[in-house]
Amino acid sequence: MTKQEAKAAWIRGVLALLTLILFVGLAVLFGLFLPADQGREAPTSPKSALTDDEEFRIKLKFVMNQLTIQSETEKSIRAELDNGDYSFDQPLVVVNPYGISPLTAVAIFHTELPVRISVHVPGKCQITDVDFTFSEFATEHVVPIYGLYAGKVNPVVLTSQTKDGTRQKTTLEIETESLKNSIAQIILIADTAQPEQYQPGLNFTYEARAAFDANGDFRWYLNGDYRSFLNDEYAQGHFMMVLGSSYDEGSVIFLEIDPLGKIYKAFYSPYACHHDIQPYSGGNLLVTGSEGETTEDLIYEINPETGEIVNKLDLKTIFARVRKGLTAPENPDWLHLNAIDWVRGSSDIVISSRNQSLVARISWPDGAIRWMLSDHRDWPEMYQKYLLTPVGEGFEWPYNQHAPYILPDQDNNPDTIDLLVYDNGNQRLEMNGDDTGELYTRLVHYQIDEKLMTVSQIRQYGKELGDALYASSRGNVEPAENGDLIASYCISSGETYWVEYREIDANSQLVWQTVAFNKSRTGELLEYRVKRMQIYNDGSNTSILDNDAINMIPSEVLMQYEIN
Amino acid sequence: MRLIKKTLLLWLGVGCFAVLFACGGAGNAASETATIGAWDLAFAGFQVKEDLRADTNDVQYSGVSVRNQISESPDQGNVFLLVHIVVEKKQASATVFYWDGLSIQDADGNNYHRMENDSFLENFGYERLMSTDLTLGKNDGYICFEIPKEEASKPLSLCYQSDEGSCSIKLR
């Protein structure tokens, strides 16, 4: 070996050794000492710093994924029914079958004879029991069970009844998860002053997407980032959930869903959905939306059978943006449309504009004004003929109101319409030049004589309480079946908010109240609405597998957001 | 010189193979499956976290955005072990997958059960498996254990025991 060859061999050896050390080092570093999954991002990102499009894409993906999960779950339930040996005494119980409704379950079994099933979920006291009897007689059963308590073993009693009246009972022990963090953070302190007067049902809330009972115990909630629009008049008592990015503008997905979390329909709108969805003639839905550079001043009508938007009305073309005493005309949220109610027996609707302190009846979809319930000040001359004239004692205008609700006829007079309004009252003092008074929020029953164009105040609740229940934002009131009023108040002190729910009877006596706040340092909790409803209803059935989800989200929307 | 080049190329190839093999090994940890009665249990990966943090942007009904920071920490001296598993029922059967039967076993033989409430995982973007016993279908997601920090870098196994049988899958 020459000297040169020896040098080359030496260099080769050193290079080989260095290379070996380098690559073995890299292999060890990346392959052995790091945990297998370390450094991998979570499958979905938290919501931080996302654009509206990115956030909507995540929600769209969630919907499509949930539809797949639902389909697979129902195939599994079908396989268990067909191949398993489950009886009334020994059913298969699946908790949270669709993965998004943790306080629900289904019991799956066959019976030899056609029977109908009753469910009894015992509450901590009688008014918190959940009971329901399904109407159909069948031999194959997928029984939805609602109203379970969280984090405990629930004894649930099923009763079967044959057509000849023979009954059999079985008790299931159904264990549920503890409340998820965001719900567990909510503290509810309840008091029922008149248990015999309490309107039966659970209290469904808007922002928490949850329902609690008279004692303040959560009995239902839905996982996922939606807005809930709960209305017992939707098809078969299903709920409407909306998924979007900002909600007050841009794309949204509507989901018709039952308490189990089963999706029945999914459809799309480019016009947002911010405050309200209401049933309209022919089963269509009216939605508060936005289009263009202003926000919350559009109403559109959507056909839930086809997902088609069949009408829309831009309220900028109906009401002039000139009232300087309220929201500045240049404010894009100049109207802040926060509610719609359909005037049954007509094609008209009643709308509520918070930022114009206006409740109005207009024709749909052309927007002809019938009347306007609003302090007359600052309205241009052309609107004067629509403004109602107050009559009678104790009348006060509503200011920055929410939730107009058309009450059943009270006086057998076809010329009158009775309206319940949640009068927040923010600008009451300002509009009346009162520097010393107190702000208060009222629940007001107005009666409007549409022929005489007058309005009188039949009843109010809240002025006498002063600022104790003053809600500067949010809030609603609805009549219960028993005639009571059920209201929510989002009350602020300094920079924090808490929520108070109240049921009052016809004599304005308190039936039930619950105070809600959270476990944080400030206790801040925000809530918009509460609705008292039975969680089971006439649409509840034991044949949920018979209905596949109908997905009406346009393929071009899926392509736009790159969802396969 | 040609020999040097050949040697370099050879070692480059060997090195690339080593890197690919080593990284693939980490990924392959994601595919071990055991069958217990009607159920398949597959291990799909894990993460060790000293804590979990995220910013959230919650849009209120009025359109107002509220930014919040959220975090979740284990007890002092512990870490979160986030295990990604797939539990699938392969045939109709009354048998149930019990979470009480599932544990992480450390190098000293100590067992750790799933945290009683790991619902916080969802706040940080993890698909989480529900904590009630499984009775149906394919269940794919994360569950969380809390283990001593010093054990997190040593060998760990995922163990399952029920009336239908038992299995042990090495996490590493």
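The shown structure was predicted, so the numbers you read here are calculated from the model rather than taken from an experiment.

Each helix and strand counted, chain A has five helices and 33 strands in total. Seen along its three principal axes, the alpha-carbon backbone of chain A occupies a region of about 120 × 75 × 45 Å. Buried residues in chain A amount to 43% of all 564 residues. At a minimum sequence separation of 6, the contacts of chain A that also span at least 24 residues come to 57%.

Here we take up the overall build of chain B. A count of helical and extended segments in chain B gives one helix and ten strands. For chain B, the N- to C-terminal ordering of α and β elements is α-β-β-β-β-β-β-β-β-β-β. Taking the contacts inside chain B whose residues are at least 6 apart along the sequence as the reference set, 66% of them involve residues at least 24 apart.

A few words now on the confidence of the model for chain A. Overall, the prediction assigns chain A a mean pLDDT of 90, with 90% of residues at 70 or greater. Low pLDDT, under 50, characterises residues 24–47 of chain A; the predicted model gives this stretch 52 contacts beyond four residues in sequence or across chains.

The subject of this paragraph is the domain arrangement of chain A. Residue and element names in this part refer to chain A. As assigned here, chain A comprises domain 1 (86–175) and domain 2 (181–200 + 209–228 + 270–557). When each unit is reduced to the centre of its C-alpha atoms, the spacing between domain 1 and domain 2 is 35 Å. With 24 residues of domain 1 at the contact, the number on the domain 2 side is 22 residues. Top contributing element to the side of domain 1 that touches domain 2 by residue count: strand S4 (residues 138–145), with five residues. Its residues assigned to classes, the side of domain 1 that touches domain 2 comprises 17 nonpolar, five polar and two charged.

All right, on to helix H2 (residues 52–83) of chain A then. Residues and elements named next belong to chain A. If you check H2, its first and last C-alpha atoms are 46 Å apart, about what 32 residues at 1.5 Å a residue would give, namely 46 Å. What H2 keeps buried is the set Glu55, Phe56, Lys59, Leu60, Val63, Gln66, Gln70, Thr73, Glu74, Ile77 and Glu80. On its buried face, H2 sits against strand S1 (92–95), strand S2 (105–121), S4, strand S12 (239–244), strand S13 (252–257) and strand S14 (263–269).

Okay, unusual backbone geometry next. Residues and elements named next belong to chain A. Residue Trp364 is joined to Pro365 through a cis peptide bond whose omega torsion reads 10 degrees. Residue position: Pro365 is located in the loop between strand S21 (358–362) and strand S22 (369–373). Positive phi values are uncommon outside glycine, yet Glu296 reaches one of about 55 degrees. Turning to its location among the elements, Glu296 is positioned in the loop between strand S16 (285–289) and strand S17 (298–303). The phi dihedral of Asn400 falls on the positive side, at around 55 degrees, and the residue is not glycine. The residue Asn400 is located in the loop between strand S23 (389–391) and strand S24 (402–406) in this model. Of the residues examined, Asn400 has 26 C-beta atoms within 10 Å and is grouped as buried.

Time to look at the pairing of strand S32 (residues 530–533) of chain A. Residues and elements named next belong to chain A. Of the two faces of S32, the one carrying Val530 and Arg532 and the one carrying Lys531 and Met533 are both buried. Both strand S8 (residues 202–205) and S32 contribute to a ladder of four bridges, which runs antiparallel. If you follow Phe204 over to S32, its bridge partner there is Lys531.

What follows deals with the sheet that holds S8 of chain A. All names here are of chain A. In spatial order, the strands read S10-S9-S8-S32; together these four strands make up an open sheet with antiparallel pairing. The two strands at the open ends of the sheet, each matched to only one other strand, are strand S10 (218–221) and S32. Recorded for the sheet is a direction-independent mean angle of 25 degrees between the axes of neighbouring strands. Sheet topology places strand S9 (residues 210–212) next to S10; three bridges connect them, and they run antiparallel. Counterpart to Phe212 in the pairing with S10 is Phe218.

Okay, the environment of Gln410 of chain A next. Residues and elements named next belong to chain A. By the secondary structure assignment, Gln410 is in the loop between S24 and strand S25 (416–423). The exposure class assigned to Gln410 is exposed, which follows from the 12 C-beta atoms found within 10 Å. In this structure, the C-alpha to C-alpha distance between Gln410 and Val310, residues 100 residues apart in sequence, is 34 Å. Other than its neighbours up to four places away in sequence, Gln410 contacts Asp418 and Gln447.

Once that is clear, we can look at the sheet that holds strand S15 (residues 277–279) of chain A. Residues and elements named next belong to chain A. As summarised here, the arrangement of the four strands in space is S15-S16-S17-S18, forming an open sheet in which the pairing is antiparallel. Each end of this open sheet is capped by a strand with a single partner; those strands are S15 and strand S18 (308–314). The mean inter-strand angle of the sheet, taken between neighbouring strand axes irrespective of direction, is 25 degrees. Here S17 pairs with S18 via six bridges, running antiparallel. Within the sheet, the bridge partner assigned to Asn303 lies in S18 and is Glu308.

Looking now at the environment of Lys265 of chain A. With respect to the element layout, Lys265 of chain A can be found in strand S14. When residues no more than four places from it in sequence are discounted, the contact partners of Lys265 of chain A are Glu256, Pro304, Ile550 and Met552 of chain A.

Residue and element names in this part refer to chain A. Within S25, six of the eight residues are buried, which leaves it mostly tucked inside the rest of the structure. Inspection of the sheet shows S24 paired to S25 by three bridges, in the antiparallel sense. Looking at the pairing, His402 lines up with Tyr422 of S25. Pairing of S25 with strand S26 (residues 442–449), which is carried by eight bridges, proceeds in the antiparallel orientation. By the bridge assignment for S26, Asp418 is matched with Gln447.

This next bit is on the environment of Glu305 of chain A. Residue and element names in this part refer to chain A. Along the chain, the position of Glu305 falls in the loop between S17 and S18. Given 14 C-beta atoms within a 10 Å radius, Glu305 is considered partly exposed. Sequence spacing of Glu305 and Pro365 is 60 residues, and the spatial spacing of their C-alpha atoms is 19 Å.

Residues and elements named next belong to chain B. On average, chain B scores 83 in pLDDT, and the residues at 70 or more come to 77%. Under a pLDDT of 50 for its full length, residues 15–30 has, in the predicted model, 25 contacts with residues more than four places off or in other chains. For this predicted complex, the interface confidence comes out at an ipTM of 0.76, alongside a pTM of 0.86.

Reading guide: rules and limits
Residues numbered from 1 in each chain as written. Chains lettered and ligands numbered in written order. Predicted model: local features only at pLDDT ≥ 70, side-chain atom pairs only at ≥ 80, totals over all residues. Helix = DSSP H or I, 4+ residues; strand = E, 2+ residues; numbered from the N terminus. Buried ≥ 20, exposed ≤ 12 C-beta atoms within 10 Å, placed from the backbone. Contact = placed C-beta atoms within 7 Å. pLDDT = per-residue confidence, 0-100. Domains from an automatic or database assignment. Nonpolar A, V, L, I, M, F, W, Y, C, P; charged D, E, K, R; others polar. Expected span 1.5 Å × (residues − 1). Pairing = 2+ DSSP bridges. Axes fitted to C-alpha atoms, helices over the stretch in contact; angles between N-to-C directions.

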